[in-house]
Protein chains: 2
Amino acid sequence: MTGTVQEWHLTARPVGRPTPDDFRLVERELPAPGPGEVAVRHTYLSVDPYMRSLMSPAQTGASAYRLDAPMTGGAVGEVVESRAAGLSPGDLVLSALGWRTGAVAPADRFTLLRRVEGVADSAFLGVLGMPGLSAYVGLTEIAGLRAGETVFVSGAAGAVGSLAGQIARLRGAKAVIGSAGSDAKVAYLTDELGFTDAFNYKTAPVRTQLAKAAPDGIDVYFDNVGGDHLEAAIDALNHYGRAALCGAISGYHATEPPPGPCNMVELVKKRITLRGFEVIDHTDLQPRFADEMGGWLANGQIRFRETVEDGIDRAVEAFLGLMDGRNSGKMVVRL
Amino acid sequence: MTGTVQEWHLTARPVGRPTPDDFRLVERELPAPGPGEVAVRHTYLSVDPYMRSLMSPAQTGASAYRLDAPMTGGAVGEVVESRAAGLSPGDLVLSALGWRTGAVAPADRFTLLRRVEGVADSAFLGVLGMPGLSAYVGLTEIAGLRAGETVFVSGAAGAVGSLAGQIARLRGAKAVIGSAGSDAKVAYLTDELGFTDAFNYKTAPVRTQLAKAAPDGIDVYFDNVGGDHLEAAIDALNHYGRAALCGAISGYHATEPPPGPCNMVELVKKRITLRGFEVIDHTDLQPRFADEMGGWLANGQIRFRETVEDGIDRAVEAFLGLMDGRNSGKMVVRL
């Protein structure tokens with residue numbers, strides 16, 4: 001840095017699919033860090049599906065993006081200057097101060113990271129970060145996966161879905177079925193990630209393809225998509241089945257409410273549980289997750305992909321590409 | 001009885017609202033009980049919303065009604081002849097051999113009942129029976145009600161709903177809101193059953209009325225209705241809210257799938273759990289329920305109503321009246 005950073009501002013609240021015109025790249029002069037503060041130069045920024053909802057007019061929570069102000073998101077960076085105990089120049093840190101090339105902030109906004117041998121620092125935004133923890137929590141805590149069960153993961157080539165499917169396999173699932181939006185992604189799921197079966201949801205109705213892939217039904221559904229995927233899963237879920245609802249990317253651009261599942265009465269007949277969750281509520285499981293995931297990574301039992309866009313000026317394109325499913329695995333921006 | 005009984009057969013699978021033409025009252029000669037069997041004369045028969053789904057063409061389970069065969073349902077009766085140990089003439093018993101004036105069957109099809117002082121035998125089909133246990137299990141086990149929470153019960157003047165609301169109050173809910181289909185029922189909920197607030201869902205949208213009755217949202221939803229009630233409840237549920245899905249009477253006559261809630265994405269944002277259940281899975285809680293409900297009844301803390309139709313020939317009318325909401329509390333047929 002020091003001194004000047006570039007940061008993305010939201011300039012208009014998108015209705016439907018966002019366009020580049022909704023964002024502006026702004027240059028800003030940063031102050032030197034004050035007492036208790038550190039200056040960080042970012043090396044990787046995260047773009048994630050949840051960010052779409054923070055842009056919406058309907059979003060009113062504290063985390064909603066404000067107009068003409070820096071956006072937030074996961075970022076990995078290196079400390080370049082420190083006036084805080086516990087952080088020194090060269091330290092690798094994680095923060096929510098994304099969408100910018102660097103930041104000056106109080107030290108408690110940053111988490112010190114320990115580099116993992118053979119794994120790029122961007123992994124802290126993906127397999128070892130919130131997407132990994134989301135997959136882990138959703139399967140083990142929210143859906144309560146038991147060995148021997150059949151699992152269906154939608155959006156299974158995405159950052160969270162690809163890990164959810166593999167964790168299901170490593171936790172003893174009998175079969176793991178995935179859906180994805182291209183034949184190449186489908187091949188990736190079965191050939192590289194060890195999914196039992198997978199299908200392209202763009203070529204035939206989800207309901208038909210899921211019934212074929214899981215003739216005996218499914219016990220657990222990990223939902224990243226919502227909409228017709230959720231309806232098909234409710235049909236396929238066996239008695240006492242559980243669905244962990246992690247996201248609903250199919251509805252993120254909807255300008256009017258999407259139709260809901262027309263088979264809700266099945267929830268009673270089959271004693272099904274649908275449970276929504278946000279990973280932020282489960283950070284107490286981070287240490288257990290880091291241990292288990294670290295072990296799987298060290299043993300080569302988990303594979304992951306990243307789609308990398310280079311340069312701060314590509315961040316909006318990276319986000320829009322993610323919304324359109326042009327990523328395979330975690331989408332990150334490398335600075 | 002002895003010898004001749006009358007029993008109702010389903011003669012056609014209703015599409016939409018059932019009509020009297022879908023049923024036929026048949027006379028049948030019963031054999032004398034064989035070894036291990038008893039003969040029972042019924043005094044009360046139960047008609048319940050779940051029976052509608054057992055009539056449907058789509059229903060394929062073991063419990064589905066067969067055409068031109070006796071229908072099943074809750075029945076209270078008196079043993080008139082016994083060739084089994086443990087049951088003697090005069091004993092009060094409960095069985096699933098309803099929709100008929102009497103039956104001969106193996107003794108293990110009957111549960112021996114202990115009469116409760118001051119309570120009619122029909123209570124074993126309602127407040128002390130499956131409807132009571134449904135309300136108890138749904139609130140305490142499925143939704144996990146905690147003292148101080150706000151509860152919404154749909155179909156709250158019905159057999160299950162009226163008990164769910166009162167159990168919520170007795171278990172320390174801060175507020176209990178009910179919906180019902182007439183102004184008289186609404187008055188019954190607030191004036192006699194102690195609901196904090198109630199509304200007539202036929203006079204204005206559920207969403208509007210629920211938002212007015214629960215300006216700070218609801219924590220628990222006990223669903224007997226589905227459809228627009230469920231959608232409104234999802235809107236009103238607070239973060240970490242839970243819904244126990246007990247039934248969906250709004251969709252029972254639907255000839256095509258009813259539209260689902262268009263706000264499913266709220267389940268993720270608000271970390272909501274929807275959980276369907278059937279009381280038959282929870283009969284292990286019957287003793288605890290009987291203790292607690294027996295105590296409330298003895299103390300006059302629970303009120304209940306029955307709508308009684310007289311005579312086996314009125315059973316179909318009783319069932320159709322139930323479907324149309326012409327009952328207040330448990331609907332029973334007295335023989």
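On a predicted model such as this, the values are computed, not experimentally measured, just so you know.

> Tell me what's going on with the interface of chain B and chain A, and back it up with residues and numbers.
Contact with chain B, which involves 27 residues of that partner, is made by 27 residues of chain A. The junction of chain B with chain A conceals about 2100 Å² of combined surface from both sides, 62% of it contributed by carbon and sulfur atoms. At the junction of chain B with chain A, the criterion picks out two salt bridges. Among the salt bridges present, the one from Arg271 of chain A reaches Asp281 of chain B, with a minimum N-O distance of 2.7 Å.

> Lay out the packing of helix H2 (residues 130-142) of chain A against helix H8 (residues 286-298) of chain A with the relevant residues and their values.
Between two packed helices, both the angle of their axes relative to each other and the distance between the axes serve to describe the pair. All names here are of chain A. In contact at an axis separation of 10 Å, H2 and H8 are set at 105 degrees when each is read in the N-to-C sense. Relative to H8, H2 is oriented roughly perpendicular. Every residue of H8 that contacts H2 at Gly132, Leu133, Tyr136, Thr140 and Glu141 is listed here: Gln286, Arg288, Phe289, Glu292 and Trp296. Partitioning the contact of H2 with H8 into residue classes produces four nonpolar, three polar and three charged.

> Summarise the relation of the copies chain B and chain A; cite the residues concerned and give the values.
Look at the two chain copies: a rotation about an axis and a shift along it is all it takes to match them. You can overlay chain B on chain A at an RMSD of 0.0 Å; the transform is a turn of 180 degrees with a shift of 0.0 Å along its axis. Both chain copies can therefore be described as sitting about a two-fold axis. Relative to the rotation axis, the C-alpha of Gly260 of chain B is the closest in chain B, positioned 2.0 Å from it. Most of the interface of chain B is mirrored in chain A, where 96% of its interface residues are also at the interface.

> Tell me about the sheet that holds strand E13 (residues 273-276) of chain A, and name the residues and values.
One key point about sheets: their strands pair by backbone hydrogen bonds, in either a parallel or an antiparallel sense. The 12 strands are arranged E10(A)-E9(A)-E8(A)-E11(A)-E12(A)-E13(A)-E13(B)-E12(B)-E11(B)-E8(B)-E9(B)-E10(B) in an open sheet whose pairing can be described as mixed. Each of the sheet's edge strands pairs with one partner strand only, and the pair in question is strand E10 (197-200) of chain A together with strand E10 (197-200) of chain B. On average, each strand axis in the sheet is inclined to that of its neighbour by 15 degrees, with strand direction left out of account. Against the sheet, helix H2 (residues 130-142) of chain B engages strand E8 (150-153), strand E11 (218-223), strand E12 (237-245) and strand E13 (273-276) of chain B, with an angle of about 145 degrees to E11 of chain B.

> Break down the packing of H2 of chain B against helix H3 (residues 159-170) of chain B for me, citing the residues and quoting the values.
All names here are of chain B. Relative orientation of the contacting elements H2 and H3 amounts to 45 degrees, with a least axis distance of 8 Å. Relative to H3, the element H2 lies oblique. In this structure, H2 crosses over H3, and the sense of that crossing is right-handed. The residues of H3 that touch H2, namely those facing Pro131, Gly132, Ser134, Ala135, Tyr136 and Leu139, are Ala159, Val160, Leu163, Ala164, Ile167 and Ala168. Here the residues of the contact of H2 with H3 are counted per class, giving 10 nonpolar, two polar and no charged.

> Just give me the short version of the state of the cysteines, but keep the residues and values in it.
Using the criterion set out here, one finds zero disulfides over all chains in the structure. Of all cysteine sulfurs, the one in Cys262 of chain B lies closest to Cys262 of chain A, which takes part in no disulfide; the gap is 14 Å.

> Explain the side chain of Ser95 of chain A residue by residue, including any values.
Residues and elements named next belong to chain A. When you line up the elements, Ser95 lands in strand E5 (residues 92-95). Here the side chain of Ser95 touches Leu97 through a polar contact of 3.0 Å, landing on its backbone nitrogen. When near neighbours in sequence (up to four residues on either side) are disregarded, Ser95 contacts His42, Gly73, Gly74, Ala75, Arg109 and Phe110.

> Can you lay out the domain arrangement of chain A for me, pointing to particular residues and giving the numbers?
Many structure descriptions define interface size as the accessible area lost when the parts assemble. All names here are of chain A. By domain assignment, chain A separates into domain 1 (4-126 + 305-334) and domain 2 (130-280). For domain 1 and domain 2, the distance between their C-alpha centres works out to 28 Å. Each partner contributes to the interface: domain 1 provides 17 residues, whereas domain 2 provides 14 residues. Together, the buried faces of domain 1 and domain 2 total about 1200 Å²; carbon and sulfur atoms form 57% of this surface. Sorting the residues of domain 1 by area buried against domain 2 places Gly126, Arg305 and Met323 first, and these three jointly supply 32% of that buried surface. Where domain 1 packs against domain 2, one counts one salt bridge. The salt bridge involving Glu192 is made with Arg305; its shortest N-O contact spans 3.2 Å. In this structure, the connection of domain 1 to domain 2 is made through four residue pairs in polar contact (both at pLDDT 80 or more).

Each value, and the rule that gives it
Residues numbered from 1 in each chain as written. Chains lettered and ligands numbered in written order. Predicted model: local features only at pLDDT ≥ 70, side-chain atom pairs only at ≥ 80, totals over all residues. Heavy atoms only, no water. Contact = heavy atoms within 4.5 Å. Buried area = accessible area lost by both parts, 1.4 Å probe. Salt bridge = Lys/Arg side-chain N within 4 Å of Asp/Glu carboxyl O. Axes fitted to C-alpha atoms, helices over the stretch in contact; angles between N-to-C directions. Helix = DSSP H or I, 4+ residues; strand = E, 2+ residues; numbered from the N terminus. Parallel < 35°, antiparallel > 145°, perpendicular 65-115°, else oblique. Nonpolar A, V, L, I, M, F, W, Y, C, P; charged D, E, K, R; others polar. Least-squares fit on C-alpha atoms with pLDDT ≥ 70 in both. Pairing = 2+ DSSP bridges. Left-handed = near helix turned anticlockwise from the far one by under 90°. Disulfide = S-S within 2.5 Å. Polar contact = N/O pair within 3.5 Å; in protein donor to acceptor, adjacent residues only side chain to side chain. Domains from an automatic or database assignment.

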